[in-house]
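# Structural overview
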Amino acid sequence: MRTTVGIIGAGPAGLLLARLLYRAGIESVVLESRDRGYVERRQRAGILEQGTVDVLRAAGAGERMDREGLRHDGIELRFDRRRHRVDFPALTGGRSVTVYAQTEVCKDLIALQLKEGGPLLFGAEALAVEGAAGDRPRIPFRYQGREAVLECDYAVGCDGFWGVSRQAFPAEVSRVFERTYPYAWLGVLADVAPSHDELVYARHERGFALLSMRSPSVSRLYLQVPAGTEAGRWSDEEIWDELERRFETDDGWRLERGPVTQKSVTPMRSFVHEPMRHGRLFLAGDAAHIVPPTGAKGLNLAVGDVVTLARALVHEKETGSADLLDAYSATCLRRIWQAERFSSDMTALLHRAPDATAFDARLQLARLERIASSRAAETELAEAYTGFPLG
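Residues numbered from 1 in each chain as written. Predicted model: local features only at pLDDT ≥ 70, side-chain atom pairs only at ≥ 80, totals over all residues. Heavy atoms only, no water.

## Let's talk about helix H3 (residues 50-58)
Note the threshold: Buried residues are those whose accessible area, probed at 1.4 Å on protein chains only, stays under 20% of the maximum for their type, while exposed residues exceed 50% and partly exposed ones sit between those limits. Secondary structure counts use DSSP, requiring at least four H or I residues in a row for a helix and at least two E residues in a row for a strand, with both numbered from the N terminus.
Three or more residues of H3 are buried, namely Gln50, Thr52, Val53, Val55 and Leu56. Once H3 finishes, Gly60 follows within two positions and takes phi at roughly 80°, a positive value.

So this is what it looks like as structure tokens:
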């Protein structure tokens, strides 16, 4: 099998890249090791930055998002039993975010790819990336019980943290920067209308809590728990009781309870692999970087990567110049490190570390007070949350 761009992974990064290339007249093949049902059920991010929303619309993938997604013009910070709303449009010149789950983004992009785009092979397990330093990378893969090879001009690893793409980078050129956090998120889906119309980020002496949503009738909620916690060790009642404690305010606000339909634990880590290019192999999304979910940056960073790469591939096709391809890694990393900084700052601001002192707790409250009382500090948060420039 032969194509121009071989894409490993049919998550949002791989699917959006294939869509952008299709609209630019560049051939691609997408290999995905899982089946379609798994990809469309895989629960991940749910917050789309303004730039991500704009890209999906421009790619012809925004119709259902605009109909079913929930536009949010702010978030609420909750601390010391008080509430403070951050008004995004007022602070950023009109930008907002949209609640629309990654599962739905993938469904939309899969439908478009199967209807209009190049081959999208589910159950096709990439085994390696070979010859990345040469002119024609090869991707051996297993599909329907047989082994085959995809030859391409460029290979793109959108296969996540555990994929094979990053393994093709020689050890002598790879640099890894990472941090593992001593806590995790216990997340639940519940069949109950959200108790607030925007996301609530709560700092509490017992730990962080987040009130989010998937739809007007489905709530998504998170609790900070120790790393290594098993979701099944928490009963539904214990989860609701703890959420109530951490969201408690002095103004009578109430958390509505409902049937819990799903529980999971999300580990917290920061990770960056540099560079994001080796020869004709490019990394995008979680294959190159991980952020703690506090800043809602993971999916949006992946979109920034593939927008930058698609632009560079189109530029090379139209002009013959590889300048933008050569700059791909450096261009992406500037945005990635700003997102890593913001995500780390938000995590430190709102979570209680196991070894936290009374001094640490007072510093957290002082930082939150600063955001609540300073337009400059509030603007910094709003600009980062709604998204750094793409590319």
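## Comments concerning the domain arrangement of the protein
Counted only if it meets this: In this document the domain limits rely on a domain assignment from an automatic tool or a database. The criterion used for residue contact is that any of the two residues' heavy atoms lie within 4.5 Å. The term buried area refers to how much accessible surface (probe radius 1.4 Å) is lost by two components on association, counted for both of them together. A pairing counts as a salt bridge when a side-chain nitrogen of Lys or Arg comes within 4 Å of a carboxyl oxygen of Asp or Glu. In protein, a polar contact requires one atom able to donate a hydrogen and another able to accept it; more generally it is a pair of N or O atoms within 3.5 Å, and residues adjacent in sequence count only if both atoms are side-chain atoms. Residues are sorted three ways: Asp, Glu, Lys and Arg are charged, Ala, Val, Leu, Ile, Met, Phe, Trp, Tyr, Cys and Pro are nonpolar, and all the rest, Gly among them, are polar.
Once the domains are mapped, the protein shows domain 1 (2-73 + 94-179 + 268-348) and domain 2 (182-263 + 353-386). Computed from C-alpha coordinates alone, the two centres of domain 1 and domain 2 are separated by 29 Å. At the interface, 26 residues of domain 1 touch 20 residues of domain 2. The junction of domain 1 with domain 2 conceals about 1,900 Å² of combined surface from both sides, 61% of it contributed by carbon and sulfur atoms. At the boundary of domain 1 with domain 2, the tally comes to 1 salt bridge. A salt bridge links Glu380 to Arg341, with the shortest nitrogen-to-oxygen separation between them at 3.3 Å. Counting every contact that joins domain 1 to domain 2 gives 9 residue pairs in polar contact (both at pLDDT 80 or more). Among the secondary structure elements, those contributing two or more residues to the side of domain 1 that touches domain 2 are strand S4 (70-72), strand S7 (97-99) and helix H10 (328-350). Residue contributions to the side of domain 1 that touches domain 2 peak at 5 residues, all from H10. When grouped by side-chain class, the residues that make up the side of domain 1 that touches domain 2 number 12 nonpolar, 8 polar and 6 charged.

## Looking at the environment of Ser28
When you line up the elements, Ser28 lands in strand S2 (residues 28-32). Taking relative accessible area as the criterion, Ser28 reaches 6% and is therefore assigned buried. The residues contacting Ser28, other than those within four sequence positions of it, are Thr3, Val5, Ile7, Ala18, Leu21, Gln113, Gly118 and Pro119.

## Some details on the sheet that holds strand S13 (residues 199-203)
Formally: Two strands are said to pair when DSSP picks up at least two bridges between them. Lines fitted to the C-alpha atoms define the axes, with helices restricted to the stretch that makes contact. Angles between their N-to-C directions range from 0 to 180 degrees.
Ordered in space as S6-S5-S13-S14-S15-S12-S16-S19, the 8 strands form an open sheet in which the pairing is mixed. Of all strands in the sheet, those bounded by a partner on one side alone are strand S6 (82-87) and strand S19 (289-290). Bridge analysis of strand S16 (residues 260-274) against S19 gives 2 bridges, and the strand direction is antiparallel. Counted as the bridge partner of Val272 is His289 from S19. Contacting strand S12 (175-190), S13, S16 and S19, H10 runs over the sheet at an angle of about 130° to S16. Here helix H11 (residues 358-373) sits on the sheet in contact with strand S5 (74-79), S6 and S13, set at roughly 145° to S5.

## Focus on unusual backbone geometry
Excluding glycine, residues mostly carry a negative phi; peptide bonds, for their part, are mostly trans. The amide bond that connects Glu274 to the next residue, Pro275, takes the cis arrangement and shows omega of -5°. Inspection of the secondary structure puts Pro275 in the loop between S16 and strand S17 (277-278). At Gln144, a residue that is not glycine, the phi angle is positive and equals roughly 55°. Overall, the relative accessible area of 64% leaves Gln144 in the exposed class. One non-glycine residue, Ala296, adopts positive backbone phi at about 55°. Looking at the secondary structure, you find Ala296 in the loop between S19 and helix H8 (298-319).

## Some points on the packing of H11 against helix H12 (residues 375-386)
For clarity, the threshold we go by: Working definition: roughly parallel below 35 degrees, roughly antiparallel above 145 degrees, roughly perpendicular at 65 to 115 degrees, and oblique for all remaining angles.
Where H11 contacts H12, the axes come no closer than 5 Å and their chain directions differ by 100°. Viewed along their axes, H11 and H12 adopt a mutual orientation that is roughly perpendicular. Where H11 abuts H12, its residues Arg370, Ile371 and Ser373 lie against Arg375, Ala377, Glu378 and Leu381. Across the contact of H11 with H12, the residue classes break down as 3 nonpolar, 1 polar and 3 charged.

## Observations regarding the packing of H8 against H10
Which entries qualify depends on this criterion: Put simply, a crossing is left-handed when the front helix is turned counterclockwise from the back one by less than a right angle, and right-handed when it is turned clockwise.
At a minimum axis separation of 10 Å, H8 and H10 run at an interaxial angle of 160°. Classified by the angle their axes make, H8 and H10 are roughly antiparallel. Both H8 and H10 take part in a crossing whose hand is right-handed. Taken together, the residues of H10 that come into contact with H8 (itself represented by Asn300, Leu301, Gly304, Asp305, Thr308 and Leu309) are Tyr328, Thr331, Cys332, Arg335, Ile336 and Ala339. Of the residues belonging to the contact of H8 with H10, the class tally is 6 nonpolar, 4 polar and 2 charged.

## Focus: the sheet that holds strand S3 (residues 47-48)
One open sheet accounts for 3 strands, arranged S3-S7-S4; its pairing is antiparallel. The open sheet is flanked by S3 and S4, the only strands paired with a single partner. With 2 bridges joining them, S3 and S7 adopt antiparallel strand pairing. Its bridge partner lying in S7, Leu48 is registered against Thr98.

## Here's the deal with the side chain of Thr52
Here Thr52 is to be found in helix H3. What makes Thr52 buried here is its relative accessible area of 2%. Ignoring anything within four residues of it in the chain, the contact list for Thr52 reads Asn300 and Val303.

## What about helix H7 (residues 236-247)?
Where we set the bar: To estimate how far a helix should reach, multiply one less than its number of residues by 1.5 Å. This arc is built from the directions going out from the helix axis to the C-beta atoms.
Counted at 1.5 Å a residue, the expected span for H7 with its 12 residues is 16 Å, and the 17 Å between its end C-alpha atoms agrees. Taken residue by residue, H7 has Ile239, Trp240, Glu242, Leu243, Arg246 and Phe247 as its buried positions. The buried side chains of H7 occupy one side of the element, clustering within an arc of 165° when seen end-on. Contacts made by the buried residues of H7 are with S5, S12, S13, strand S14 (209-215), strand S15 (218-226) and S16.

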